[in-house]
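# Architecture at a glance
Next come the chains, spelled out residue by residue.
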Amino acid sequence: MNSMYAGPKRGADRAVLLAHGAGSDMHAATLARVGDALAAAKIPSLRFNYPYRDAGRKSPDRAAVLDAATREAAGELAARAKLPPERLVLGGRSMGGRYCSLIVGDDEDPVPALGLLLLGYPLHAAGKPDQPRLDHFPRITVPCLFASGTRDSLAGQEALTSAVKAIKGPVTMHWLESADHGYRPKKSSGRTTDDVAAEVAEVSVDWVQSLPG
């Protein structure tokens, strides 16, 4: 698996997995920004590509493949940061964050974690608000950060705020003013995608640092 490790090689008491969204890869600007901010705070992170990306394909792998790849990446991060699995924050953008939440909330073989960092959680597929993806939420007992745009078409503010009530762990919601699912703000807002990425990085690092040592 193609991956990039950043931050200290030893000595950290937590590390963060950053999985990419469906239409992107591990070089996505927001993930790079979060990884750099974590490294500056002396927190290791690992970005990786799902198999379809390394194979040069556009459409994501089957669910079982995405699940296995997410588990493998978490294992690689634990080994490289020299930390037990329960010291890892698992998460990432959209699809990547969703698969991290699925393995942590799995009913048969859940993966331990320090928390879930969900950057633009896709509550439903495009155009399917009546089919929310939250069956696994009641099995999630770790702290979660949801950082979503106020114009996210895959997770409306009201719907997401209501859905996360099913999560057993402590939930932090951070709304990115004027941003859409791709973290792009409206031109009229006066904000740039860079402003949004910087906000996401800052909020993510503060939250990761706030988790129990």
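Our structure's up above, just so we're on the same page.
Now for a description of the structure that goes with this document. (Residues numbered from 1 in each chain as written. Predicted model: local features only at pLDDT ≥ 70, side-chain atom pairs only at ≥ 80, totals over all residues. Heavy atoms only, no water.)

## A look at the side chain of Arg93
This is how the line gets drawn: Secondary structure elements are defined from DSSP: runs of H or I of at least 4 residues count as helices, runs of E of at least 2 residues count as strands, and each element is numbered from the N terminus. Here's how the labels work: a residue is buried when its accessible area is under 20% of the maximum for its type, exposed when over 50%, partly exposed in between, all with a 1.4 Å probe on protein chains only. In this charge count, Lys and Arg are treated as positive and Asp and Glu as negative; neither His nor the chain ends contribute. Salt bridges, as used here, are contacts in which a Lys or Arg side-chain nitrogen is within 4 Å of a carboxyl oxygen on Asp or Glu. Counting of polar contacts relies on pairs of N or O atoms within 3.5 Å, with two restrictions inside protein: one atom must be capable of donating a hydrogen and the other of accepting it, and residues adjacent in sequence are counted only when both atoms are side-chain atoms. For this analysis, residues touch if any pair of their heavy atoms sits within 4.5 Å.
Residue position: Arg93 is located in strand S4 (residues 88-93). For the buried residue Arg93, which engages in no salt bridge, the nearest side chain bearing the opposite charge is Asp152, 6.3 Å off. Only 3.1 Å separates the side chain of Arg93 from the backbone oxygen of Leu119, close enough to count as a polar contact. Ignoring sequence-local partners within four residues, the contact set of Arg93 consists of Ala19, His20, Gly21, Thr30, Leu31, Leu119, Gly120, His181, Gly182 and Tyr183.

## Some remarks on the pattern of salt bridges
This model, assessed by the stated rule, comprises 10 salt bridges. In this structure, Asp67 engages Arg71 in a salt bridge whose closest nitrogen and oxygen atoms are separated by 2.7 Å. Pair noted here: Asp67 and Arg71 are both in helix H3 (residues 63-81), with a separation of four residues, about one helical turn. Two residues, Arg71 and Asp109, come together in a salt bridge whose shortest N-O distance is 3.2 Å. Highlighted residues: Arg71 in helix H3 and Asp109 in the loop between helix H4 (94-104) and strand S5 (115-119), separated in sequence by 38 residues. Relative accessible area serves as the criterion here: at 47%, Asp109 is assigned to the partly exposed category.

## Examining the sheet that holds strand S3 (residues 45-48)
Here is the rule we go by: Criterion used throughout: strands pair if DSSP finds at least two bridges between them. Only the stretch in contact is used when fitting a helix axis, every axis being a line fitted to C-alpha atoms; angles between N-to-C directions are given from 0 to 180 degrees.
Judged by pairing direction, the sheet is mixed, and its seven strands sit side by side in the order S1-S3-S2-S4-S5-S6-S7 without closing on themselves. Strands with a single pairing partner mark the edges of an open sheet, and in this sheet they are strand S1 (3-6) and strand S7 (171-176). Taking the axes of each pair of neighbouring strands and ignoring which way they run, one obtains an average angle of 15 degrees across the sheet. Of the pairings in the sheet, the one linking S1 to S3 comprises four bridges and is antiparallel in character.

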